[in-house]
Amino acid sequence: MERDLSDSFTARSASSQPVQWPLPKGVSTPAPRTPSRRVTMVQWLRRVHGWLGLWGAVLGLLFGTTGFLLNHRGGPLKISTGAPSVTSAELPLPSPAPASPTDLLRALQQNHALEGKPGRIQREPARTVAWGDGRLQQPEHWSATLVTPRSNTQVEYWVGNRFVSIKRTDNGLLATLLNFHRGTGLGIGWVLLVDTLAGSIILLSITGVLLWIGTHRRRALASLLVGGSIVAGMIALLS
């Protein structure tokens, strides 16, 4: 024998009390319970924590890999990043003759398409040096570097010569990734990008702690008491 589903169906309200359906006349449907501020805050923290974790994972993969390689760049567990490729050349001195190492570097970049961000620039004055039993006058010496994550170009010039010595070192893939980790040869855009990673890690830590406190109030209080006692004890021992 079939029964009328509308007569036998029951629903449960937010207070977990059975409610007959359809409702009797004069009885309204129980209003849904409004989430508390604590529940709303925990939900918001979870969303923020998740998005920050997604962004941090993108750059975190790069910095985690390169950090591992940097940690093993020497010692008994050394991991080789591959031998670099080194090339040398002698280029004619730009005309008119540069008046400073900075002018020389700028002229070489324009005339020979040398790439890189200017690094260390030195200008050693002329001086007298010992040579066998006598003494010689050493001319002024200029040196400069152009740096990119993929390569390093060294420029040397002795004032009075008609040529400039160039030495270029091309890095392998792993060494290039390490230079990205160090920020070698990169501009302000990369610096700001890495700052966002650092900020996301800080906010991840804060939101993680707040989430744990919001879901474990009693444990959080106990942890704060124990942690405060340990810190107070350490301060007392060191003072």
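Look up: the structure comes first, before these words.
About the cut-offs
- Residues numbered from 1 in each chain as written.
- Predicted model: local features only at pLDDT ≥ 70, side-chain atom pairs only at ≥ 80, totals over all residues.
- Heavy atoms only, no water.
- Pairing = 2+ DSSP bridges.
- Helix = DSSP H or I, 4+ residues; strand = E, 2+ residues; numbered from the N terminus.
- Axes fitted to C-alpha atoms, helices over the stretch in contact; angles between N-to-C directions.
- Core = buried A, V, L, I, M, F, W, Y, C linked by side-chain atoms within 4.5 Å.
- Buried < 20%, exposed > 50% of the residue type's maximum accessible area, 1.4 Å probe, protein only.
- Contact = heavy atoms within 4.5 Å.
- Expected span 1.5 Å × (residues − 1).
- Arc of directions from axis to C-beta.
- Phe/Tyr/Trp six-rings, centres within 6.5 Å; stacked < 30°, edge-to-face > 60°.
- Salt bridge = Lys/Arg side-chain N within 4 Å of Asp/Glu carboxyl O.
- 1 Å grid on protein atoms, 1.4 Å probe; cavity = no way out; pocket = protein on both sides within 12 Å on 5 of 7 lines; lining within 4 Å.
- Points joined across faces, edges and corners; volume = space filled by probe spheres on them.
- Nonpolar A, V, L, I, M, F, W, Y, C, P; charged D, E, K, R; others polar.
- Patch = residues over 30% accessible without salt bridge, like charges linked within 9 Å, V, L, I, M, F, W, Y side chains within 5 Å.
- Areas by Shrake-Rupley, 256 points an atom, 1.4 Å probe, with all protein chains shown as cover.

(A) Just the sheet that holds strand S7 (residues 141–147), in detail. In space, the 5 strands of this open sheet follow the order S3-S9-S8-S7-S4, with antiparallel pairing throughout. Looking at the sheet topology across the chains shown, the edges are occupied by strand S3 (85–92) and strand S4 (117–124). The average undirected angle you get between the axes of adjacent strands in this sheet is 15°. Across 7 bridges, the pairing between S7 and strand S8 (residues 151–158) is antiparallel. Of the residues in S8, the one forming a bridge with His-141 is Trp-158.

(B) A look at the nonpolar core. By size, the foremost hydrophobic cluster in this structure holds 12 residues: Leu-91, Leu-104, Leu-105, Leu-108, Leu-114, Trp-142, Ala-144, Leu-146, Val-155, Tyr-157, Val-164 and Ile-166. Within the residue set of this core, elements represented by two or more residues are helix H3 (101–112), S7, S8 and strand S9 (163–170). Dropping the residues within four chain positions of it, Val-155 is found in contact with Leu-104, Leu-105, Leu-108, Trp-142, Ser-143, Ala-144, Val-164, Ser-165 and Ile-166. With 5 residues, the next largest nonpolar core counts Phe-63, Leu-186, Trp-190 and Leu-197 among its residues.

(C) Fine view of helix H5 (residues 188–215). For H5, with 28 residues, the first-to-last C-alpha span of 40 Å sits near the 40 Å given by 1.5 Å per residue. Of all the residues in H5, the buried ones are Trp-190, Leu-197, Ser-200, Thr-207, Leu-211 and Gly-214.

(D) Summary view of helix H4 (residues 173–182). Restricting attention to buried positions, one finds in H4 the residues Ala-175, Thr-176, Leu-178 and Asn-179. Viewed along the axis of H4, the buried residues span an arc of 155°, placing them on a single side of the element. Where H4 is buried, its residues contact helix H2 (37–71). Taken from the residues just after H4, Gly-183 is the one with a positive phi, measuring 80°.

(E) The arrangement of the environment of His-141 in detail. For His-141, the location among the structural elements is in strand S7. Looking at His-141, the relative accessible area reads 9%, which means it is buried.

(F) Up close: the packing of aromatic side chains. With the rule as written, the count across this model stands at 3 aromatic pairs. Centroid distance Phe-63 to Trp-190: 6.3 Å. Interplanar angle 20°. Geometry classified as stacked. You can see Phe-63 sitting in helix H2 and its partner Trp-190 sitting in helix H5, a full 127 residues away along the chain. Judged on exposure class, the residue Phe-63 and its partner Trp-190 are both buried.

(G) Representation of the pattern of salt bridges within the structure. Under the criterion given, the structure shown has 5 salt bridges. The partner of Glu-115 in a salt bridge is Arg-150, with the nearest N and O atoms 3.7 Å apart. Here the residue Glu-115 occupies a position in the loop between H3 and S4, and Arg-150 occupies one in the loop between S7 and S8, the gap between them amounting to 35 residues. What makes Glu-115 partly exposed here is its relative accessible area of 32%. Exposure remark for Arg-150: the relative accessible area of 52% places this residue in the exposed category. Measuring nitrogen to oxygen at the nearest pair gives 2.4 Å for the salt bridge that ties Glu-140 to Arg-123.

(H) Structural context of the layout of surface pockets. Taken as a whole, the largest pocket spans an internal volume of roughly 150 Å³. Forming the walls of the largest pocket are Thr-81, Gly-82, Ala-83, Pro-84, Asn-171, Gly-172, Ala-175, Leu-178, Asn-179 and Arg-182. The residue makeup of the lining of the largest pocket, split by class, is 4 nonpolar, 5 polar and 1 charged.

(I) Up close: a nonpolar patch on the surface. A cluster of nonpolar residues, Ile-202, Leu-203, Ile-206, Val-209, Leu-210, Trp-212 and Ile-213, forms a patch on the protein surface that exposes about 610 Å² of accessible area. Examined against the element boundaries, Leu-203 turns out to sit in helix H5.

Note that all results are geometric; they support no functional claim without further evidence.
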